[in-house]
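Secondary and tertiary structure notes
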Amino acid sequence: MTDMQYDRAPGDASALPDVEQGTSSGLLVYTIGLALAVVLTAMSFWVANTSLLWIGGVSLGLTVLAIAQMGIHLVFFLHVTTGPDNTNNVMALAFGVLIVVLVVVGSLLIMADLNDNMMLPAELMNLHMQR
Amino acid sequence: MNIAVAVDEGRHEARPSASEAGPATKRIVVGYGFWVFLLSDIVMFSAFFAAYAVLAHATAGGPSGVQLFSQPSVAIETGCLLASSYTCGLMSLAIGSRRFGVTYLAALVTFLLGAAFLALEVREFMGMIAVGAGPQRSAFLSAFFTLVGCHGLHVAAGLVWLAVMMAQVAIKGINATVERRLLCFSLFWHALDIVWVWLFTVVYLMGVLS
């Protein structure tokens, strides 16, 4: 008994013979992906321009929409799945995402903290922010 | 329970275990290596994103994103890149089933949409530089041109790569080597689209919020 399966090249549809898919289902996958991506993109542009939503939540909403669209692209265009033949690809992706989050969130936190700790009068503080 | 075990054993007999199967095929090794390269490329983009996010309000009295960014233009650019990602996927399918006509057609549409994206972006950059909002104006604009320009350079490189690949298909036909290169190209093109999703969200949409 083994739980190891064949690997699969990233971007390839499943290599497992029992999940073999024809061209028509491949076309369907890409078309569903395109439709979902278009819907999410349209929602992003609507959320950024509408005055119906509380302005404080818009940034968070845009971030969530971007994460969702990234997921759509990964699943429908790059064929990254949770299947056992895809473990290596997903692990590499997870490591990449970890580094990206560390770099972006770390930079933002540290710079915001530095700005908070600048013990300057308000007008000088403002000047500093504009340089 | 018994049925599940039986199915499992049937599959086990049909497929040797990973150690019996031997080393992975070259397609898997090449694809995985390119996947790791793409992830390192995205890590590089994340550094530019971090720099942009930190410097987004450092306009030094110069123009800000609200004054510079045109949303209709960004929406068209987004549409072009998304559609070209889709036709790139259709090209992969056509290569898999060896339909040369569809392959060339999908590649041509992918190329044209990518070129349209690039043309719109260059026009936007020229317009900004013409009104004195070049990369030397402020830290915000330096970060903007670095981030968006780096993505644009990737798209330009992808267009050259696609043209070269179509020449290879025309001359060599679709053999295993050409097919591996086309797999890497489609990975590259889809990854660029993912970077653009974050770009239009963080730079263009969040940039015009307040």
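The notes below deal with the structure included here. Residue numbers restart at each chain and count upward from 1, following the sequence in its written direction. Chains and ligands are labelled sequentially in the order written, the chains with letters from A and the ligands with numbers from 1. Only residues with pLDDT of at least 70 are given local features in this predicted model, and only at 80 or more are side-chain atom pairs given and counted; all residues enter the totals for whole chains, interfaces and linings. The basis for the side-chain values is all heavy atoms of the structure; hydrogens and waters are excluded.

1. Points about the packing of helix α3 (residues 87–117) of chain A against helix α3 (residues 26–55) of chain B
In a pair of packed helices, the angle between the axes and the distance between the axes together describe the arrangement. All axes here are fitted lines through C-alpha atoms, helices being fitted over the stretch that makes contact, and every angle between N-to-C directions spans 0 to 180 degrees. Going along the chain from the N terminus, every DSSP run of H or I of four or more residues is numbered as a helix, and every run of E of two or more is numbered as a strand. Running from N to C, α3 of chain A and α3 of chain B cross one another at 15°; their axes reach a closest spacing of 9 Å. Here α3 of chain A lies roughly parallel to α3 of chain B, going by the angle between them. Crossing geometry of α3 of chain A relative to α3 of chain B is assigned as right-handed. Contacts between α3 of chain A and α3 of chain B pair N88, N89, A92, L93, G96, I99, V100, V103, V104, S107, L108 and M111 of chain A from the former with Y32, W35, L39, I42, V43, S46, A47, A50, A53 and V54 of chain B from the latter. Charged means Asp, Glu, Lys or Arg here, nonpolar means Ala, Val, Leu, Ile, Met, Phe, Trp, Tyr, Cys or Pro, and polar covers whatever is left, Gly included. Among the residues forming the contact of α3 of chain A with α3 of chain B, the class breakdown is 17 nonpolar, 5 polar and no charged. Any angle that is under 35 degrees is reported as roughly parallel, and any over 145 degrees as roughly antiparallel; angles of 65 to 115 degrees are reported as roughly perpendicular and all others as oblique. Should the near helix be turned counterclockwise from the far one by less than a right angle, the crossing is left-handed, whereas a clockwise turn marks it as right-handed. Residues count as neighbours in contact if any of their non-hydrogen atoms are within 4.5 Å of one another.

2. What about the pattern of salt bridges?
The working definition used for a salt bridge is a side-chain nitrogen of Lys or Arg within 4 Å of a carboxyl oxygen of Asp or Glu. Taken as a whole and judged by the stated rule, the model has 3 salt bridges over all chains. The residue R27 of chain B makes a salt bridge to D12 of chain A at a minimum N-O spacing of 2.6 Å. Of this pair, R27 of chain B sits in helix α3 while D12 of chain A sits in the segment before α1 (23–49), placing the two residues on different chains.

3. As for α3 of chain A
To estimate the expected span of a helix, count its residues, drop one, and scale the result by 1.5 Å. Here α3 of chain A spans 44 Å end to end across 31 residues, near enough to the 45 Å set by a 1.5 Å rise per residue. Buried residues are those whose accessible area, probed at 1.4 Å on protein chains only, stays under 20% of the maximum for their type, while exposed residues exceed 50% and partly exposed ones sit between those limits. Taken as a whole, α3 of chain A has its buried residues at N89, A92, L93, G96 and N115 of chain A.

4. Describing the interface of chain A and chain B
Facing the 56 residues of chain A at the interface are 51 residues of chain B. Between the two partners, chain A and chain B, sit 1 salt bridge. Two N or O atoms count as a polar contact when they lie within 3.5 Å, although within protein this holds only if one can serve as hydrogen donor and the other as acceptor, and sequence-adjacent residues are included solely when both atoms are side-chain atoms. Inspection of the region where chain A meets chain B yields 4 residue pairs in polar contact (both at pLDDT 80 or more). Secondary structure elements with two or more residues in the side of chain A that touches chain B: α1, α2 (55–77), α3 and α4 (122–130) of chain A. A per-element tally of the side of chain A that touches chain B places α1 of chain A first, with 13 residues. Of the residues contributing to the side of chain A that touches chain B, the split by class is 33 nonpolar, 18 polar and 5 charged.

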